[in-house]
Amino acid sequence: MDTRTRQVEEITPSTPGLLTVYACGPTVYRYAHVGNLRTFLLTDLIRRTAEQSGLRVKLVQNITDVGHLQDDTAVDSTGEDKLLAAARAENKDPFVIARFYEDAFHTDLALLNVRPADAYPRASEWIDSMLRLVAGLIEKEHAYVGTDGSVYFAAQSFPSYGAISGNRLEDLRAGHREDAEVLAAGKRFHADWALWKSAGAQREMVWDSPWGPGFPGWHTECSAMSLELLGTTIDVHTGGIDLRFPHHEDERAQSDCFAGREVVRHWVHGEHLLFENRKMSKSTGNVVLVSDVAARGHDPLALRLAYLQQRYRQQANLSWDAIAGADKLLSRWRSAVAEWAESPSKPMCADYSTELREAFEDDLDTPRAVQVLRRLEKADLPAGSKLETFLWVDAYLGLDLARDIGKVPAALPVGAQALLDERAAARDGKDFAASDRLRDELAALGVVVKDTPAGQEWSVA
Ligand code: AMP
Ligand code: ZN
């Protein structure tokens, strides 16, 4: 679903065979909660579906480690940097905090089988690109230096502002109180936003610039890094629904004015996730992490299946019951797959695979895909065909459905392989005394040896 055109659009890459995707990443001042992860999964599903249809995908996801202020969801932003606030609360260096939560983000993605992006640019390492973007926008008269030394984007210089969210400038009228704030902030128009903020008294996470020391506005990073890494045409841009405005609206204005063209072809937003019917927020103590799911004994991929049971473009409610139910279903499917694997492999069930492919290609209708699999599980079809269909569809689902196939033999203890080799040689030389002695030595290591016409076989006790 394209948020800007408000329609389900066919996605055809601008470069044949290559889909370019930019995903707004985490602000690394805390652990990602299961709502954030639902949004990150959306990008993974787009990527897997595109790859299954034969496209190569180039995916960039940013790491926001500077510039995202506490109240950045307002048009104006004068709040404190989220990272600096966390650093103060934890009494640590802001970049230590940032790297810690960045690592945690990657760990969570891996637990959910979200395949890694091609690049994870950190905002703090792309300041030069951002300065070039800001300078370019000033040159093209889309931006100006405010009376407070910050650089502002002139919202009125971009006539199609509001196309994504429907928040047109004329609807964003400032009241009298905001008028006063506008003047105090040093900008000319209430809906203008800071591309580069003057440092003021701030000493940490500050960089030099042609406009004096400061730091980038949150929206600046996504324009600069996406343009540098993916170019001036980007097929798909993803994020959570709250980023529609102002983040993506402002990013679109910046990128389009800088590049002189519509940069992002499709904006795709994931709706929010509630947990036990409530918004997830720290203040109400209602924040659930992947580690909480694991601590309750659930496979993290049960969380992934629970997400798939609801469609990305609808607000979803997750509960402990839903996760437990998904965990059961996942175990059942894995056991079924292992059981079917005992039978000879057969071609995929064509009707089912077609329906599954269609479900994914129809704007990621994952609940329908799950329903199709429930039907296939029970269908009167050869086990080998069900097996192949489940294994194939797992490339979309990412649920490790083959996990229970075949028992992986326990590894040999250290030194056992040398004894086994020695014993095989002793038997070849008909040295039965040595062979028996070596059998006892192996038994002492917990390795049981059996002699068969095909040679010796071993198992770990
Ligand atoms: P943040 O780390 O706060 O910048 O957020 C990372 C991503 O999670 C953004 O794309 C947000 O839009 C998204 N997000 C935030 N809250 C939720 C939620 N409850 N459900 C789904 N996505 C969310
Ligand atoms: Zn972004």
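1. Overview of the pattern of salt bridges
Next, step 1: Across all of its chains, the model carries 28 salt bridges by this definition.
Next, step 2: Note that Arg-304 is salt-bridged to Asp-44, the shortest N-O span being 2.9 Å. Placement of Arg-304 in helix α9 (residues 300-308) and of Asp-44 in helix α1 (residues 34-52) is noted, with a sequence separation of 260 residues between them.
Next, step 3: For the salt bridge of Arg-265 with Asp-235, the shortest nitrogen-to-oxygen distance reads 2.6 Å. Here the residue Arg-265 occupies a position in strand β8 (residues 264-270), and Asp-235 occupies one in strand β7 (residues 234-240), the gap between them amounting to 30 residues.
Next, step 4: Relative accessible area serves as the criterion here: at 0%, Asp-235 is assigned to the buried category.

2. As for the site of ligand 1
Next, step 1: Residues in close proximity to ligand 1 total 16 residues, the closest being Gly-35, Thr-39, Gly-240, Asp-242 and Leu-273.
Next, step 2: The separation between an oxygen atom of ligand 1 and a polar side-chain atom of Asp-242 is 2.4 Å.
Next, step 3: Between ligand 1 and Leu-273, the relevant distance is 2.9 Å, taken from a nitrogen atom to a main-chain nitrogen or oxygen of the residue.
Next, step 4: With the chains in place, 92% of the 490 Å² that ligand 1 exposes on its own is no longer accessible.
Next, step 5: When residues of the shell around ligand 1 are traced back to their parent elements, those giving at least two are α1 and β7.

3. Notes on the coordination of the zinc ion (ligand 2)
Next, step 1: Around the zinc ion (ligand 2), the donor atoms from the protein are Cys-24 (SG), Cys-222 (SG) and His-247 (NE2), and they sit 2.1 to 2.2 Å away.
Next, step 2: For the zinc ion (ligand 2), all donor residues lie on one chain, and their spacing in sequence is C-x197-C-x24-H. Of this pair, Cys-24 sits in the loop between β1 (18-23) and α1 while His-247 sits in helix α7 (residues 247-259), and the two are 223 residues apart along the sequence. The burial state of Cys-24 is the same as that of His-247; both residues are buried.

4. Regarding the sheet that holds strand β3 (residues 143-145)
Next, step 1: Spatially, the 4 strands line up as an open sheet ordered β3-β4-β5-β6, and their pairing is antiparallel. Edge positions in the sheet fall to β3 and β6 (214-216), since each has one partner strand and no second. Geometrically, the sheet is characterised by an average inter-axis angle of 20° between neighbouring strands, direction not taken into account.
Next, step 2: The sheet contact formed by β3 and strand β4 (residues 151-153) spans 3 bridges and is antiparallel. Bridged to Ala-143 within β4 is Phe-153.
Next, step 3: Lying over the sheet, α7 contacts β4 and β5 (193-198), oriented at roughly 85° with respect to β5.

5. Re the sheet that holds β8
Next, step 1: If you walk across this open sheet you meet the 4 strands as β2-β1-β7-β8, and the pairing is parallel. A single partner strand is all that each edge strand has here, and the edge strands are β2 (56-61) and β8. Put simply, the sheet's adjacent strands are angled 25° from each other on average, direction ignored.
Next, step 2: Where β1 meets β2, 6 bridges bridge the pair, whose relative direction is parallel. Note on β2: the bridge partner recorded for Ala-23 is Gln-61.

Rules and cut-offs
- Residues numbered from 1 in each chain as written.
- Chains lettered and ligands numbered in written order.
- Predicted model: local features only at pLDDT ≥ 70, side-chain atom pairs only at ≥ 80, totals over all residues.
- Heavy atoms only, no water.
- Salt bridge = Lys/Arg side-chain N within 4 Å of Asp/Glu carboxyl O.
- Helix = DSSP H or I, 4+ residues; strand = E, 2+ residues; numbered from the N terminus.
- Buried < 20%, exposed > 50% of the residue type's maximum accessible area, 1.4 Å probe, protein only.
- Near = heavy atom within 4 Å.
- Polar contact = N/O pair within 3.5 Å; in protein donor to acceptor, adjacent residues only side chain to side chain.
- Areas by Shrake-Rupley, 256 points an atom, 1.4 Å probe, with all protein chains shown as cover.
- Donors = N, O, S within 2.8 Å, 3.2 Å for Na, K, Ca; no water.
- Pairing = 2+ DSSP bridges.
- Axes fitted to C-alpha atoms, helices over the stretch in contact; angles between N-to-C directions.
- Contact = heavy atoms within 4.5 Å.

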